[in-house]
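Here is how the chains run, residue by residue.
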Amino acid sequence: MATQQDKPFRILGLQQIAIGGPDKHKLRTLWVDTLGLTVTGNFVSERENVDEDICALGEGVHKVEVDLMQPIDPDKKPAVHATPLNHVGLWVDDLPKAVEWMNANGVRLAPGGIRPGAAGYDICFIHPKGNDQFPIGGEGVLIELVQAPPEVIAALGGGRQG
């Protein structure tokens, strides 16, 4: 088993959680109207079959994004509403190195590679299920890896040890 010192990247903290439902307005009633999160943006993508409100919990480098998602077409894939907790996002200090290392060490990444995400950071996903070629997956959970900006890396301890 590889230790953290063997990896050319560090997971720094929780970047986001994404919650899906058939109607994001019902999600907003809880997360925005009741719990008081702030809506900071909206992202719509036909390719990803998603209409999402991007919300913020906390501030600055400690802010966690909470995405409230509904499908554009509930009969198409990806079905962002089929799993209520759609995915979790993790800040990573060096996304390209993380992806390279994971590819070499049996981690199954979802199709699409590194690309711009809804919040403007580069992202990629660890597939929820492993397969024969890449046996390590999210064990049922889709995991988004998010390139941390410099201020997050500095605040959350992205410096290398040893």
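Peer 1: Just checking my understanding: could you explain the environment of Leu145 for this structure?
Peer 2: By secondary structure assignment, the location of Leu145 is in strand S8 (residues 142-147). On the accessibility criterion, Leu145 (1% relative accessible area) is buried. Filtering out sequence-adjacent residues up to four positions away, Leu145 remains in contact with Ile11, Leu90, Val92, Leu95, Met102, Asp122, Ile123, Cys124 and Ile126.

Peer 1: Help me understand helix H1 (residues 24-34) in this model?
Peer 2: Because an α-helix packs 3.6 residues into every turn, residues spaced three or four apart end up facing the same way. Burial in H1 covers these residues: Lys24, Leu27, Trp31 and Val32. Projection of H1 onto a plane perpendicular to its axis shows the buried side chains occupying an angular sector of 90 degrees, all on one side. Facing away from the buried side of H1 by more than 90 degrees, the exposed set consists of His25, Lys26, Asp33 and Thr34. The opening residue of H1 is Asp23, an N-cap whose side-chain oxygen sits 2.9 Å from the backbone nitrogen of His25. In the segment just after H1, Gly36 is the residue with positive phi, at about 85 degrees.

Peer 1: For this particular structure, what's the right way to read unusual backbone geometry?
Peer 2: With glycine set apart, most residues show a phi of negative sign, and most peptide bonds adopt trans. For the bond from Lys77 to Pro78, the omega torsion is -5 degrees, close enough to zero to count as cis. Relative to the assigned elements, Pro78 resides in the loop between strand S4 (64-70) and strand S5 (85-92). Positive phi is not limited to glycine here, since Asn49 has a value of about 55 degrees. Tracing the backbone through its elements, the reader meets Asn49 in the loop between strand S2 (38-45) and strand S3 (50-57). Taking the relative accessible area as the measure of exposure, Asn49 reaches 3% and is therefore buried. Residues other than glycine seldom take positive phi values, yet Glu139 does so here, at roughly 50 degrees. Under the relative-accessibility criterion, Glu139 is labelled exposed at 71%.

Peer 1: Looking at this structure, how should I read the nonpolar core?
Peer 2: Generally speaking, nonpolar side chains in soluble globular proteins are found buried as a group. Counting 23 residues, the largest nonpolar core has Ile19, Trp31, Val66, Leu68, Met102, Ile126 and Leu145 as the members making the most contacts within it. For this core, the leading source of residues is helix H2 (residues 95-104), giving 5 residues. The contacts of Trp31, once residues within four sequence positions are left out, are Ile17, Ile19, Gly36, Leu37, Val66 and Leu68. Among the nonpolar cores identified, the runner-up in size contains 8 residues, and Trp91, Ile123, Val146 and Ala148 belong to it.

Peer 1: Looking at this model, I keep getting lost on the side chain of His127. Mind explaining?
Peer 2: If you trace the backbone, His127 turns up in the loop between strand S7 (122-126) and S8. On the accessibility criterion, His127 (18% relative accessible area) is buried. One polar contact links the side chain of His127 to the main-chain amide nitrogen of Lys129, over a distance of 2.9 Å.

About the thresholds
- Residues numbered from 1 in each chain as written.
- Predicted model: local features only at pLDDT ≥ 70, side-chain atom pairs only at ≥ 80, totals over all residues.
- Heavy atoms only, no water.
- Helix = DSSP H or I, 4+ residues; strand = E, 2+ residues; numbered from the N terminus.
- Buried < 20%, exposed > 50% of the residue type's maximum accessible area, 1.4 Å probe, protein only.
- Contact = heavy atoms within 4.5 Å.
- Arc of directions from axis to C-beta.
- Polar contact = N/O pair within 3.5 Å; in protein donor to acceptor, adjacent residues only side chain to side chain.
- Core = buried A, V, L, I, M, F, W, Y, C linked by side-chain atoms within 4.5 Å.

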